[in-house]
Amino acid sequence: MVTQNNEPVEDADEVKLEIWKEGDEEHETIEAAHIKDGVYAINKTFSEKGIYNIIAHTSARDLHTMPKMQVTVGK
């Protein structure tokens, strides 16, 4: 969810997710679509188990943030 001053941002200039498997050099970038109430989403299927890094490149209202998280796919 994209927020500013605790309010949903419906009009972000850009929301792109940069995704790569831990240890890989190749990164994939996918543009997210606005769903509603500041929620931006992508459809992504992971073909391999592992740890993936995700950076949300978000530009809205003259600000740019890049929060990063990791997800584990499979067990």
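This one's a predicted model, so the numbers in the text were calculated from it and none came from an experiment.

Chemist: How would you explain the packing of aromatic side chains if you had to name every residue and give the values?
Modeler: On inspection of all chains with the given rule, the structure shows one aromatic pair. Ring geometry for Phe 46 against Tyr 52: centres 4.5 Å apart, planes inclined by 55 degrees, an arrangement best described as tilted. Since its relative accessible area comes to 25%, Phe 46 is described here as partly exposed. For Tyr 52, a relative accessible area of 8% translates into the label buried. The cationic tip of Lys 44 hangs over the ring face of Phe 46; the distance from NZ or CZ to the ring centre is 5.4 Å.

Chemist: Could you give an account of unusual backbone geometry, with specific residues and numbers?
Modeler: With a phi angle near 65 degrees, Asn 6 is a residue other than glycine that sits in the positive phi range. By relative accessible area, which is 74% here, Asn 6 ends up exposed.

Chemist: Mind laying out the environment of Ala 56, listing which residues take part and the relevant values?
Modeler: Assignment of secondary structure puts Ala 56 in strand β7 (residues 50–60). Not counting residues within four places of it along the chain, the set of residues in contact with Ala 56 comprises Lys 16, Leu 17, Thr 65, Met 66 and Pro 67.

Calculation rules
- Residues numbered from 1 in each chain as written.
- Predicted model: local features only at pLDDT ≥ 70, side-chain atom pairs only at ≥ 80, totals over all residues.
- Heavy atoms only, no water.
- Phe/Tyr/Trp six-rings, centres within 6.5 Å; stacked < 30°, edge-to-face > 60°.
- Buried < 20%, exposed > 50% of the residue type's maximum accessible area, 1.4 Å probe, protein only.
- Lys NZ or Arg CZ within 6 Å of the ring centre and 35° of its normal.
- Helix = DSSP H or I, 4+ residues; strand = E, 2+ residues; numbered from the N terminus.
- Contact = heavy atoms within 4.5 Å.

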